[in-house]
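Breakdown of the fold
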Amino acid sequence: NSVTLNGLTIINSNTFTFSPLSPVDPGDDGYPTKSDHDNFDARANYGGAITISGNHKVTNCIIRNAYLKGGNGGNGKDGDGTNVNGGDGGYGGDAGGAGILIWSGNPVIRNTIIEDCQVVAGNGGNGANGNASDPLGVGGRGRVTGRAIGTAICIYDWYGASATFE
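Residues numbered from 1 in each chain as written. Predicted model: local features only at pLDDT ≥ 70, side-chain atom pairs only at ≥ 80, totals over all residues. Heavy atoms only, no water.

Below, the discussion takes up the nonpolar core. Ranked by internal contacts, the top residues of the largest apolar core, which has 16 residues, are I50, I52, I63, A98 and I100. For this core, the elements supplying multiple residues, two or more each, are β5 (50-53) and β10 (100-104). Dropping the residues within four chain positions of it, I52 is found in contact with V58, I100, L101, I102, W103, S104, P107 and I109. (Core = buried A, V, L, I, M, F, W, Y, C linked by side-chain atoms within 4.5 Å. Buried < 20%, exposed > 50% of the residue type's maximum accessible area, 1.4 Å probe, protein only. Helix = DSSP H or I, 4+ residues; strand = E, 2+ residues; numbered from the N terminus. Contact = heavy atoms within 4.5 Å.)

The following block contains the structure:
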């Protein structure tokens, strides 16, 4: 089934996402196990004002001042006498599609104004200091900022999404 949004106005949409807390244990990188990295990195954030999955229509709409931000990565914890290495920071979260996110399908966007939208990726977390009193203590790695993509419209082609603009 197809849904049509007609004459809808969305102004000042603000979308934020999860930023993990920094760890409390010395040398901790925020991960419960080394194989579980993704659970403590910042979360990506896609689709601010409208998210489309399917062959729907958006007509005669206005999307203005939509803001979307990815989460910040947590900072590592400094090393101490028990764990001499500093923890790694978490990766920053991606952000995309503050106005419209087209997740899948082939929607039609007709006579629609999308303006003054902003996408901000999350910052990567700082690596922590190794234990200064132990010569074997190594500092943790700082991580990179996430990606900011598709400020007004983001077409996510992982699922074969496309769109028709009229």
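Our focus in this paragraph is the pairing of β10. The buried count for β10 comes to four of five residues, which makes it a mostly enclosed element. Where β5 lies against β10, four bridges are found, and the strand directions are parallel. Bridging from a neighbouring strand, I50 pairs with I100 of β10. Here β10 pairs with strand β15 (residues 153-155) via three bridges, running parallel. Bridging across to β15, L101 finds its partner in C154. (Pairing = 2+ DSSP bridges.)

Keep in mind these numbers describe shape, not what the thing actually does.
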